Amino acid sequence: MAQKGVQLDRETFSCSICLDLLKDPVAIPCGHSYCMNCIKSFWDEEQKKKTYSCPQCRQTFTPRPVLVKNTMLAVLVEQLKKTGLQAAPADHCYAGPEDVACDVCIGRKMKAFKSCLVCVISYCEQHVRLHYECPAFEKHKLVEPSKKLQENICSRHDEVMKMFCRTDQQSICYLCSVDEHKGHDTVSAAAERTERQRELEVSRQNIQQRIQDREKDVKLLQQEVEAINQSADQTVEHSEKIFTELIHLIQKRSSDVKQQIRSQQETEVSRVKELEEKLEQEITELKRKDAELKQLSHTEDHIQFLHNYPSLSALSESTDSSSINIRPLRYFEDVTAAVSEVRDKLQDILREEWTNISLTVTEVDVLLSDPPEPKTRAEFLKYSCEITLDPNTAQKQLLLTRGNRKAEFMSQKQSYLDHPDRFAFYCQVLSIESLTGRCYWEVEWKGKGVIVAVAYKNISRAEGGNEGILGRNNKSWAIKCSNNSYTFWHNNNETPISGPRSSRVGVYLDHRAGILSLYSVSETMTLLHRVQTTFTQPLYAGLWLYSVGTSSEFIKLK
């Protein structure tokens, strides 16, 4: 039977519940067969309903049928196991949740091989054969499996939509063309497809051209990255070499100073030792002379005393004590001071030059465009930076508080130490932070008025003229805020500004782009003035308070 009988596949003898070969097969009243344990478990779940059904045909039974093992079917399954079954389709041939299933398969459905636009049905590889073998199906249109076949059916007339209405830009069936779309510009779906196909090809050509353009841009950017990396590597190598040479020079100077100090040390110690020996000899001689005089003083012979006294009383020339100059721990303090002065000068040079180096590095350009300038306050806050005021720059009538973020004009001078960076005449102060790149900060003020500014570090500090006033020279830009007006100042040029009065000013700086924008900040932001220029140095935030009792604070932004 196994060799000449009808070929049976594994699915024929599989339980539709566990999808495995039948174990202890039982046939229920409707004729379907299951593993005894599988149908028992299934009916145990249905016991609450007090009705029992077939998992395949859904026929119900009351009361619960008694299950008896189907001996003949069990023997047949065992024999087929021994003689061999036709290979069952691999699991990947069955339709999963994401697959298009064959509409003809009964039970566990196979994956669809083709979908027919005329039948509006999807077929597996076995069931689609008729469409290839039977002449009646020659005109049917087979396509790749699709879950959207029902979208090809007209919901109004339940007909396949084979036409397209250009007037309403939608697919329609033939009955639609003589009904609600009558008089419209209608064509066959195939004709419309041909037209759209031409448009599609043009679109693809445009897309492919754009892809080629973008790939060229990417290649240019990759070349730019390679050039940047190569330049950076060379610069690092050269700078390391220069700094190494500088370190060696400093080490050489350090060695020279050390050698000079040791040489001078040896000379001075030798001089002192020589003088010490001389003094020791003089002390020894004086002690001997004192002993002889003592002995002479006890001589009872007057003639002998008078005879010896002249020679014993004569003293040798004493060492000049004025040549002894005792300066404990201060012999080489002048050298220490000189080295300290060199260090300070070198630090100042490095600080100034480092700022220029940092600024040069930030100006490395690439082909990518900069992000657009912020428009909303939320966008500005992305560039917020914390500003602290430098006490070494504060004029002595300015009191700095709140972590050096607030300045107040006092009637009495504060006990600041003298410093070359301090403003001498006007109540001005600059920030510690140097500002490059994109920065945003806000200043809140109280009193009669304040000047909010940015300035180069080399703005004059000691002079009382315009060179030392924020906004009155070409090294600073400033907005004067009072209770009734705004005025912008640069290079001693005054520009009146109109805008809503507010006790808070927002400052946006794009150093690289040369943009300085000033805003009145309340519930909304209003642009007061915008500067477009070229900044050649890092900038520092500044304040000028010109009335006693006026205060201004850099706000911490969240």
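Report follows, based on the coordinates. (Residues numbered from 1 in each chain as written. Predicted model: local features only at pLDDT ≥ 70, side-chain atom pairs only at ≥ 80, totals over all residues. Heavy atoms only, no water.)

Considering a nonpolar patch on the surface
Where nonpolar side chains cluster on the molecular surface, the patch consists of Phe243, Leu246, Ile247, Leu249, Ile250, Leu346 and Leu350 and spans about 570 Å² of accessible area. Of all the secondary-structure elements, those providing two or more residues to the nonpolar patch are helix H5 (189–297) and helix H7 (333–362). By residue number, the principal contributor to the nonpolar patch is H5, which donates 5 residues. For Leu350, the position within the fold is in helix H7. Overall, Leu350 belongs to the partly exposed group, its relative accessible area being 42%. (Patch = residues over 30% accessible without salt bridge, like charges linked within 9 Å, V, L, I, M, F, W, Y side chains within 5 Å. Areas by Shrake-Rupley, 256 points an atom, 1.4 Å probe, with all protein chains shown as cover. Salt bridge = Lys/Arg side-chain N within 4 Å of Asp/Glu carboxyl O. Helix = DSSP H or I, 4+ residues; strand = E, 2+ residues; numbered from the N terminus. Buried < 20%, exposed > 50% of the residue type's maximum accessible area, 1.4 Å probe, protein only.)

Concerning the packing of aromatic side chains
Considering all chains together, one arrives at 11 aromatic pairs under this definition. Between the aromatic rings of Phe380 and Tyr508, the centroid separation amounts to 5.3 Å while the plane-to-plane angle is 75°, which identifies the pairing as edge-to-face. Here Phe380 is found in helix H8 (residues 377–381), whereas its partner Tyr508 is found in strand E19 (residues 504–510), with 128 residues between them in sequence. A single burial state applies to Phe380 and to Tyr508, both of which are buried. Here Phe380 and Tyr519 contribute two aromatic rings whose centre-to-centre distance is 5.0 Å and whose plane-to-plane angle is 65°, an arrangement assigned as edge-to-face. On the criterion of sequence distance, the pair formed by Phe380 in helix H8 and Tyr519 in strand E20 (residues 515–521) is long-range, its members being 139 residues apart. Of the two residues, Phe380 and Tyr519, neither departs from the other in class, the shared state being buried. Chaining the aromatic ring pairs together yields one cluster made of Phe380, Tyr383, Tyr440, Tyr508 and Tyr519. The residue whose ring lies beneath Arg461 is Phe423, and the NZ or CZ to ring-centre distance is 5.2 Å. Sitting above the plane of the Trp489 ring, Arg472 keeps its charged end 3.8 Å from the centroid. (Phe/Tyr/Trp six-rings, centres within 6.5 Å; stacked < 30°, edge-to-face > 60°. Lys NZ or Arg CZ within 6 Å of the ring centre and 35° of its normal.)

Let's talk about the nonpolar core
Trp441, Trp477, Ile479, Leu516, Leu543 and Phe554 are the most contacted members of the largest nonpolar core, which has 38 residues in total. Contacts of Leu543, omitting those with residues within four sequence positions, involve Leu389, Ala407, Cys427, Gln428, Val429, Val443, Ile451, Val452, Leu470, Ser552 and Phe554. Of all hydrophobic cores here, the second largest spans 19 residues; its members include Tyr34, Cys35, Cys38 and Leu73. (Core = buried A, V, L, I, M, F, W, Y, C linked by side-chain atoms within 4.5 Å. Contact = heavy atoms within 4.5 Å.)

So, the packing of H5 against helix H6 (residues 302–313)
At a closest axis distance of 11 Å, the pairing of H5 and H6 adopts a crossing angle of 165°. Our classification of the angle between H5 and H6 gives roughly antiparallel. In the packing of H5 onto H6, the handedness of the crossing is left-handed. Across the interface between the two elements, Lys289, Glu292, Leu293, Leu296 and Ser297 from H5 touch Phe305, Asn308, Tyr309, Ser311, Leu312 and Ser313 from H6. Of the residues in the contact of H5 with H6, the class split is 5 nonpolar, 4 polar and 2 charged. (Axes fitted to C-alpha atoms, helices over the stretch in contact; angles between N-to-C directions. Parallel < 35°, antiparallel > 145°, perpendicular 65-115°, else oblique. Left-handed = near helix turned anticlockwise from the far one by under 90°. Nonpolar A, V, L, I, M, F, W, Y, C, P; charged D, E, K, R; others polar.)

Section: H5
Quick reminder: α-helices carry 3.6 residues per turn. Residues three or four places apart thus point the same way. The end-to-end C-alpha separation of H5 is 152 Å, in line with the 162 Å expected for 109 residues at 1.5 Å each. Regarding H5, the residues found buried are Glu192, Leu275, Glu282, Lys289 and Leu296. In this structure, the buried side of H5 is in contact with strand E8 (163–165), strand E10 (186–188) and H6. (Expected span 1.5 Å × (residues − 1).)

A few points about the pairing of strand E21 (residues 525–532)
Bridge count between E20 and E21: 7 bridges; the pairing is antiparallel. What sits directly across from Leu518, in E21, is His529. The hairpin formed by E20 and E21 contains 3 residues between the paired strands. (Pairing = 2+ DSSP bridges.)

Quick word on the side chain of Arg422
For Arg422, the location among the structural elements is in the loop between strand E12 (406–409) and strand E13 (428–430). Buried charge Arg422 goes without a salt bridge, the closest partner of opposite sign being Asp418 at 5.7 Å. For Arg422, the side chain forms a polar contact with the main-chain oxygen of Pro391, separated by 2.7 Å. One polar contact links the side chain of Arg422 to the main-chain carbonyl oxygen of Leu417, over a distance of 2.8 Å. (Lys, Arg positive; Asp, Glu negative; His and termini not counted. Polar contact = N/O pair within 3.5 Å; in protein donor to acceptor, adjacent residues only side chain to side chain.)

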